[in-house]
Amino acid sequence: MTPKKFISIPKRPRRNRRSASVRDLTRETMVTPADLVYPIFVTEGKNVREAISSMPGIKRLSLDLLAKECREVAGLGIPAVALFPKISDRKKDSLAAESKNPRGLIPRSVREIKSAVPELTVITDVAMDPYSSDGHDGVVRDGQIVNDETLPVLADMAVAQAKAGADYVAPSDMMDGRIGYIRRALDEAGLTDTGILAYSAKYASAYYGPFRDALDSAPKAGDKKSYQMDYANVREAVREVLLDEEEGADIVMVKPAGLYLDVIMRIRAVTELPVAAYHVSGEYALIKAAAAKGWVDEDAAVREALTAIKRAGADIIFTYFAKAFSRSFQVSRS
Ligand code: PBG
């Protein structure tokens, strides 16, 4: 029999939320430890574990402690680490010469990790700032950041890291043309298997403050706005990503993450490459500070932040919460 008229049936979306098991079945996005990259700050010395006051729970580690740390990271199911060096002031100069030293802190760290935990993916940062007496990501001349003179410095740094065994080199400097320049240098050195994870849409953000404390890498003069992006822009991010893809990037990144979900979403739609997002030091510090005051539940706030970043379209999330998240992930599954 056919109804005489259309009937309006009450719609009840709450049916799919009524129990934990139904919610498990209908959940659209799930972050797992396999999505995460754990950033590690490395420093010279032996048996050094230095606290960073603006990043509670995160330490600078000396090279001899890296193997143990990385075994723990791999044991938690986290597939990758990203290394950042704290370089002493006497090794800094205007051309970041230390950054291409094959026996420098990062190449040594990569070799140490690769021999102790070969299955762990190692990502190295390519930028001048930790090695530069000016604290900028590019060469400074008469107060300007000069693009093309920076490229060979970045390429030498990337080759030194790749020769040491880095799986991905990750240019975070935002100079024009650096992805193609670095790709060619790697290929010419026979390093065709080393990938490039491009910090393609990296914004000039107030949320990098704690990271610069950790590495003592803040610019000595001026700011980074002539190379990092204006946070008001999103079309420009698309342009940067498309250029990096054309130049040979294997993975593209948006940074920071949580305040840039719209950017992640746009980037996801314009490239088929894996998209990474960096949940940066300031985003870490905000949650830590509020949790320390008892104003938010730390674990819940972290899960929500990381899930939102993945929901927006990130395949890979760099986060200082990687270990903490993965520990509670394992507990909640057991
Ligand atoms: C350096 C670099 C920065 C970060 C990653 N690589 C700082 C900057 O650009 O000033 C920030 C990471 C964070 O805040 O967690 N090129």
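This structure is a prediction, so every number in the text was calculated from the model and none was measured.

**Q** Account for the layout of surface pockets, naming residues and giving values.
**A** Approximately 570 Å³ is the volume found for the largest pocket. Lining the largest pocket are 17 residues, and of these Arg-27, Thr-29, Met-30, Arg-303 and Thr-307 sit closest to its centre. Mapped onto the lining of the largest pocket, the elements with two or more residues apiece are α1 (20-26), α10 (298-312) and α11 (322-333). Element by element, the count of residues in the lining of the largest pocket is highest for α11, at 5 residues.

**Q** Go over the site of the ligand, please, and point to the residues and values.
**A** In the region of the ligand, 18 residues are neighbours, and Lys-202, Arg-212, Lys-255, Ser-281 and Tyr-320 sit closest. Within the side chain of Ser-172, one N or O atom sits 2.8 Å away from a nitrogen atom of the ligand. The side chain of Lys-224 places a nitrogen or oxygen atom 2.7 Å from an oxygen atom of the ligand. Surface burial for the ligand is 100%, taken as the share of its 400 Å² of free accessible area covered by protein chains. The cavity where the ligand resides is the largest cavity. Taken together, the residues of the shell around the ligand break down into 8 nonpolar, 3 polar and 7 charged.

**Q** Talk me through the nonpolar core; I want residue IDs and the actual numbers.
**A** Membership of the largest hydrophobic core comes to 105 residues, with the highest contact counts inside it found for Ile-40, Phe-41, Val-81, Leu-83, Ile-267, Tyr-278 and Phe-318. Considering every element that reaches this core, the biggest residue donor is helix α4 (residues 147-164), with 9 residues. When residues no more than four places from it in sequence are discounted, the contact partners of Tyr-278 are Pro-39, Phe-84, Tyr-199, Phe-211, Met-253, Val-254, Lys-255, Pro-256, Ala-257, Glu-283, Phe-318 and Tyr-320.

**Q** Tell me what's going on with the side chain of Ser-281, and back it up with residues and numbers.
**A** Note on placement: Ser-281 falls in helix α9 (residues 281-292). The buried category is assigned to Ser-281, whose relative accessible area is 1%. Beyond its immediate stretch of four places on either side in the chain, Ser-281 contacts Met-55, Tyr-207, Tyr-208, Gly-209, Pro-210, Phe-211 and Tyr-320.

**Q** Please provide a residue-by-residue account of the environment of Asp-216, values included.
**A** Assignment of secondary structure puts Asp-216 in the loop between α6 (209-215) and α7 (235-247). Residues Asp-216 and Pro-130, spaced 86 residues apart in sequence, show a C-alpha to C-alpha distance of 7.3 Å. In this structure, Asp-216 is in contact with Lys-86, Asp-89 and Lys-92, ignoring residues within four places of it in sequence.

**Q** Go over the environment of Leu-120 with me, naming the residues and quoting the values.
**A** Here Leu-120 shows up in the loop between α3 (105-116) and β5 (121-126). On the accessibility criterion, Leu-120 (1% relative accessible area) is buried. The sequence separation of Leu-120 and Val-296 amounts to 176 residues, and the corresponding C-alpha distance is 33 Å. Those residues in contact with Leu-120 that lie beyond four places of it in its chain are Cys-70, Val-73, Ala-74, Ile-78, Pro-79, Ala-80, Val-81, Ile-113, Lys-114 and Asp-167.

**Q** How would you explain helix α5 (residues 178-188) if you had to name every residue and give the values?
**A** In an α-helix there are 3.6 residues to a turn, and that puts residues three or four apart on one side. Taken as a whole, α5 has its buried residues at Arg-178, Ile-179, Ile-182, Arg-183, Ala-185 and Leu-186. Projection of α5 onto a plane perpendicular to its axis shows the buried side chains occupying an angular sector of 165°, all on one side. Set apart from the buried face of α5 by more than 90 degrees, the exposed residues are Arg-184 and Glu-188. Backbone geometry just downstream of α5 places Gly-190 in the positive-phi region, at approximately 80°.

**Q** Let's hear about the pairing of strand β11 (residues 275-279): which residues, and what values?
**A** Of all 5 residues in β11, 5 are buried; the element is thus mostly enclosed. Residue alternation in β11 divides its side chains into two sets, Val-275, Ala-277 and His-279 and Ala-276 and Tyr-278, and both sets are buried. Where strand β10 (residues 251-255) and β11 come together, 3 bridges link them in parallel fashion. Each bridged residue has a counterpart across the sheet, and for Val-252 the counterpart in β11 is Val-275. As for the winding sense of the linkage, the β-α-β connection from β10 through helix α8 (residues 261-270) to β11 is right-handed.

**Q** Let's hear about the pattern of salt bridges: which residues, and what values?
**A** Counting across every chain of the model gives 19 salt bridges. The partner of Glu-69 in a salt bridge is Lys-323, with the nearest N and O atoms 2.9 Å apart. In this pair, Glu-69 sits in helix α2 (residues 66-75) while Lys-323 sits in helix α11, placing the two residues 254 residues apart along the sequence. You'll find Glu-69 and Lys-323 in the same group, each marked buried. Two residues, Asp-187 and Arg-183, come together in a salt bridge whose shortest N-O distance is 2.9 Å. A residue pair is termed a helical-turn pair when its members lie 3 or 4 positions apart in one helix, as Asp-187 and Arg-183 do in helix α5 at 4 residues. The network of salt bridges with shared partners includes Glu-69, Glu-72, Lys-323 and Arg-327.

Basis of the calculations
Residues numbered from 1 in each chain as written. Predicted model: local features only at pLDDT ≥ 70, side-chain atom pairs only at ≥ 80, totals over all residues. Heavy atoms only, no water. 1 Å grid on protein atoms, 1.4 Å probe; cavity = no way out; pocket = protein on both sides within 12 Å on 5 of 7 lines; lining within 4 Å. Points joined across faces, edges and corners; volume = space filled by probe spheres on them. Helix = DSSP H or I, 4+ residues; strand = E, 2+ residues; numbered from the N terminus. Near = heavy atom within 4 Å. Polar contact = N/O pair within 3.5 Å; in protein donor to acceptor, adjacent residues only side chain to side chain. Areas by Shrake-Rupley, 256 points an atom, 1.4 Å probe, with all protein chains shown as cover. Sits in = over half its atoms within 2 Å of the grid points. Nonpolar A, V, L, I, M, F, W, Y, C, P; charged D, E, K, R; others polar. Core = buried A, V, L, I, M, F, W, Y, C linked by side-chain atoms within 4.5 Å. Buried < 20%, exposed > 50% of the residue type's maximum accessible area, 1.4 Å probe, protein only. Contact = heavy atoms within 4.5 Å. Arc of directions from axis to C-beta. Pairing = 2+ DSSP bridges. Right-handed = clockwise from strand over helix to strand, strands pointing away. Salt bridge = Lys/Arg side-chain N within 4 Å of Asp/Glu carboxyl O.

That's the geometry; what it means functionally is another story.
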